Amino acid sequence: MKAYLEKLIRGHHLTKEEMHAATLACLQGEVSDSQIAAFLTALQAKGETADEIVGLTEMIRSHSAFHMEPLEEVMDNCGTGGDRSGSFNISTTASFVIAGAGIRIAKHGNRNISSKTGSADVLEQLGVALSFTKQQMQEALAKNKIAFLFAPHVHQGLKAFTKVRSELGLPTIFNLIGPLTNPVHLHAQLVGVYREDQLEVIASALQKLGRKRAVVVHGAGRMDEASLSGNNQLILLDKGTFKRFSIHPKEVSLPVYANEEIRGGNAKENAVITLSVLKGEPSAYLDTVLFNAGLGIFAHGATSTIQAGIHMARKSIYSGKALAKLEQLQILSNEVS
């Protein structure tokens with residue numbers, strides 16, 4: 001670890017293989033807390049590369065007991081967090097809409113870290129279990145097209161990192177890799193980043209991790225979700241090629257709202273918002289979910305345009321299929337001991 005620290009302090013990047021070795025040493029308890037803290041701090045101060053992100057992500061995924069191959073094409077939708085917008089649980093709500101559109105989605109998430117209410121907090125409030133076994137997750141994906149993977153449950157070997165991150169209280173590479181560490185082998189992914197300069201790095205990391213299609217979005221107003229408040233910056237990864245573009249809600253026939261209009265609250269309040277959206281009640285919340293779910297459907301490749309993805313998202317909600325996905329996940333949760 002000392003050699004890696006010296007390299008980072010000099011401003012040099014680590015290779016993917018060096019990140020594998022450094023991460024493995026941390027996971028196996030061969031490194032002290034102070035060395036882990038120095039390692040994470042030096043990486044952040046230098047600026048993390050795609051290879052460093054991929055090296056850490058691959059090692060974490062390989063050590064998850066929930067690492068599994070999908071039945072068929074599976075996607076995830078998640079933001080990195082950190083935008084401090086106080087928004088409701090956009091990607092969590094959108095995941096049920098995406099599933100209702102017929103796309104398998106393994107929703108990876110955590111409790112509140114940089115937001116008021118994390119995906120796990122609101123889903124727990126809605127009666128979704130956080131402790132599905134690997135087999136139960138596979139069955140949920142097969143039968144209901146959606147499963148929730150609670151990060152601390154599926155990555156139980158990260159206690160050393162968790163302790164240090166808590167004590168540091170500073171942004172680290174873990175703030176970037178959360179959406180990438182899903183232990184399910186993903187075909188496609190929608191990732192939101194609150195910093196525009198992270199677009200290319202995350203897109204490159206997704207390519208190196210084997211995603212066939214992906215969209216990375218930096219929302220208007222520095223959100224880590226697509227925002228209806230103005231222009232959103234995106235990168236599309238499709239079969240190894242990158243395309244950067246921007247999109248305004250008016251281009252896809254959606255209204256403009258200030259980000260303040262989609263603020264959320266505690267888990268109970270956000271659960272009410274999620275249910276209102278899945279029931280199709282008109283609001284800024286509903287339109288924001290339509291935008292993000294449509295973008296997710298497009299990221300998967302089920303449609304060739306974002307506009308068509310939004311149309312599918314709208315059908316998912318108004319047909320009752322999106323709400324049915326939540327209700328079925330609630331039923332499956334009752335079987336979890």
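Residues numbered from 1 in each chain as written. Predicted model: local features only at pLDDT ≥ 70, side-chain atom pairs only at ≥ 80, totals over all residues. Heavy atoms only, no water.

## Focus on the overall build of the protein chain
Turning to step 1, where the next piece is worked out: Counting its secondary structure elements, the protein chain contains 15 helices and seven strands.
Turning to step 2, where the next piece is worked out: In terms of C-alpha radius of gyration, the protein chain reaches 19 Å, essentially the compact-globule figure of 20 Å for 337 residues.
Turning to step 3, where the next piece is worked out: Projecting the C-alpha coordinates of the protein chain onto the three principal axes gives extents of approximately 60 × 45 × 35 Å.
Turning to step 4, where the next piece is worked out: Evaluated residue by residue, the protein chain yields a buried proportion of 58% over its 337 residues.
Turning to step 5, where the next piece is worked out: Of the contacts formed within the protein chain by residues at least 6 apart in sequence, a portion of 74% connects residues at least 24 apart.
Turning to step 6, where the next piece is worked out: Separation of charge centres in the protein chain, based on 34 positive and 32 negative side chains, amounts to 3 Å. (Helix = DSSP H or I, 4+ residues; strand = E, 2+ residues; numbered from the N terminus. Rg over C-alpha atoms; globule rule 2.2 N^0.38 Å. Buried < 20%, exposed > 50% of the residue type's maximum accessible area, 1.4 Å probe, protein only. Contact = heavy atoms within 4.5 Å. Lys, Arg positive; Asp, Glu negative; His and termini not counted. Charge placed at Lys NZ, Arg CZ, Asp CG, Glu CD.)

## A closer look at the pairing of strand 3 (residues 146–150)
On a regular strand, one side chain projects to one face of the sheet and the next to the other, so that they alternate.
Turning to step 1, where the next piece is worked out: With five of five residues buried, strand 3 is to be regarded as a mostly interior element.
Turning to step 2, where the next piece is worked out: Burial along strand 3 is two-sided: the face carrying Ile146, Phe148 and Phe150 and the face carrying Ala147 and Leu149 are both buried.
Turning to step 3, where the next piece is worked out: As defined by bridge partners, strand 2 (residues 104–109) adjoins strand 3 across five bridges and the pair is classed as parallel. Within the sheet, the bridge partner assigned to Ala106 lies in strand 3 and is Ala147. (Pairing = 2+ DSSP bridges.)

## Examining unusual backbone geometry
Turning to step 1, where the next piece is worked out: Phi is positive for Lys145, close to 65°, though the residue is something other than glycine.
Turning to step 2, where the next piece is worked out: Structurally, Lys145 is set in the loop between helix 7 (134–144) and strand 3.
Turning to step 3, where the next piece is worked out: Among the residues examined, Lys145 registers a relative accessible area of 22% and is labelled partly exposed.

## With respect to the pattern of salt bridges
Turning to step 1, where the next piece is worked out: A complete count under the given rule lists twelve salt bridges for this structure.
Turning to step 2, where the next piece is worked out: A salt bridge links Glu18 to Lys7, with the shortest nitrogen-to-oxygen separation between them at 3.0 Å. Of this pair, Glu18 sits in helix 2 (residues 16–27) while Lys7 sits in helix 1 (residues 2–9), and the two are eleven residues apart along the sequence. For the pair shown, Glu18 and Lys7 are each scored as buried.
Turning to step 3, where the next piece is worked out: For Lys163, the salt bridge goes to Glu167, with nearest N and O atoms at 3.0 Å. Here Lys163 and its partner Glu167 are both found in helix 9 (residues 159–168), four residues apart, which amounts to about one turn of the helix.
Turning to step 4, where the next piece is worked out: Here Lys163 falls in the partly exposed class, since its relative accessible area comes to 41%.
Turning to step 5, where the next piece is worked out: Each of Asp33, Lys163 and Glu167 takes part in salt bridges that share partners, so that together they form one network. (Salt bridge = Lys/Arg side-chain N within 4 Å of Asp/Glu carboxyl O.)

## Things to note about the UniProt feature "domain: Glycosyl transferase family 3 N-terminal" (unreviewed entry) in the protein chain
Turning to step 1, where the next piece is worked out: Under the local residue numbering, the UniProt record ascribes the feature "domain: Glycosyl transferase family 3 N-terminal" (unreviewed entry) to residues 3–63.
Turning to step 2, where the next piece is worked out: For residues 3–63, the end-to-end C-alpha separation is 24 Å, with 75% helix and 0% strand making up the annotated structure. (UniProt positions renumbered as here; feature names shortened; annotations may be inferred.)

## Considering the sheet that holds strand 1 (residues 74–79)
Turning to step 1, where the next piece is worked out: Spatially, 3-2-1-4-5-6-7 is the arrangement adopted by the seven strands of the open sheet, whose pairing is mixed. Sheet topology places strand 3 and strand 7 (241–247) at the edges, where each strand pairs with a single neighbour. Each neighbouring strand pair of the sheet contributes to a mean axis angle of 15°, computed without reference to strand direction.
Turning to step 2, where the next piece is worked out: Sitting on the sheet, helix 13 (residues 284–300) touches strand 1, strand 4 (188–192), strand 5 (213–218), strand 6 (232–238) and strand 7, and the angle it makes with strand 5 is about 145°. (Axes fitted to C-alpha atoms, helices over the stretch in contact; angles between N-to-C directions.)

## Considering the environment of Val191
Turning to step 1, where the next piece is worked out: Topologically, Val191 is positioned in strand 4.
Turning to step 2, where the next piece is worked out: Residues Val191 and Asn231, 40 residues apart in the sequence, show an inter-C-alpha distance of 17 Å.

## Side note on the domain arrangement of the protein chain
Turning to step 1, where the next piece is worked out: Parsing the protein chain into structural domains produces domain 1 (1–63) and domain 2 (74–155 + 173–334).
Turning to step 2, where the next piece is worked out: Between the C-alpha centres of domain 1 and domain 2 the distance comes to 29 Å.
Turning to step 3, where the next piece is worked out: Each partner contributes to the interface: domain 1 provides 15 residues, whereas domain 2 provides 17 residues.
Turning to step 4, where the next piece is worked out: Of the roughly 1300 Å² buried at the junction of domain 1 and domain 2 (both faces included), carbon and sulfur atoms supply 74%.
Turning to step 5, where the next piece is worked out: Contact with domain 2 buries area across many residues of domain 1, yet Ile53, Ile60 and Arg61 alone supply 40% of it, more than any other trio. (Domains from an automatic or database assignment. Buried area = accessible area lost by both parts, 1.4 Å probe.)

## Details of the nonpolar core
Turning to step 1, where the next piece is worked out: Grouped together as the largest cluster of nonpolar side chains are 74 residues, with contacts concentrated most on Val97, Leu149, Val215, Phe291, Leu295 and Ile306.
Turning to step 2, where the next piece is worked out: Tallying contributions element by element places helix 13 first for this core, with eleven residues.
Turning to step 3, where the next piece is worked out: Residues contacting Ile306, with those up to four places away along its chain left out, are Phe245, Ile247, Val252, Gly294, Leu295 and Phe298.
Turning to step 4, where the next piece is worked out: Formed by 40 residues, the second largest nonpolar core is a distinct cluster that contains Ala22, Val164, Ile177 and Leu237. (Core = buried A, V, L, I, M, F, W, Y, C linked by side-chain atoms within 4.5 Å.)

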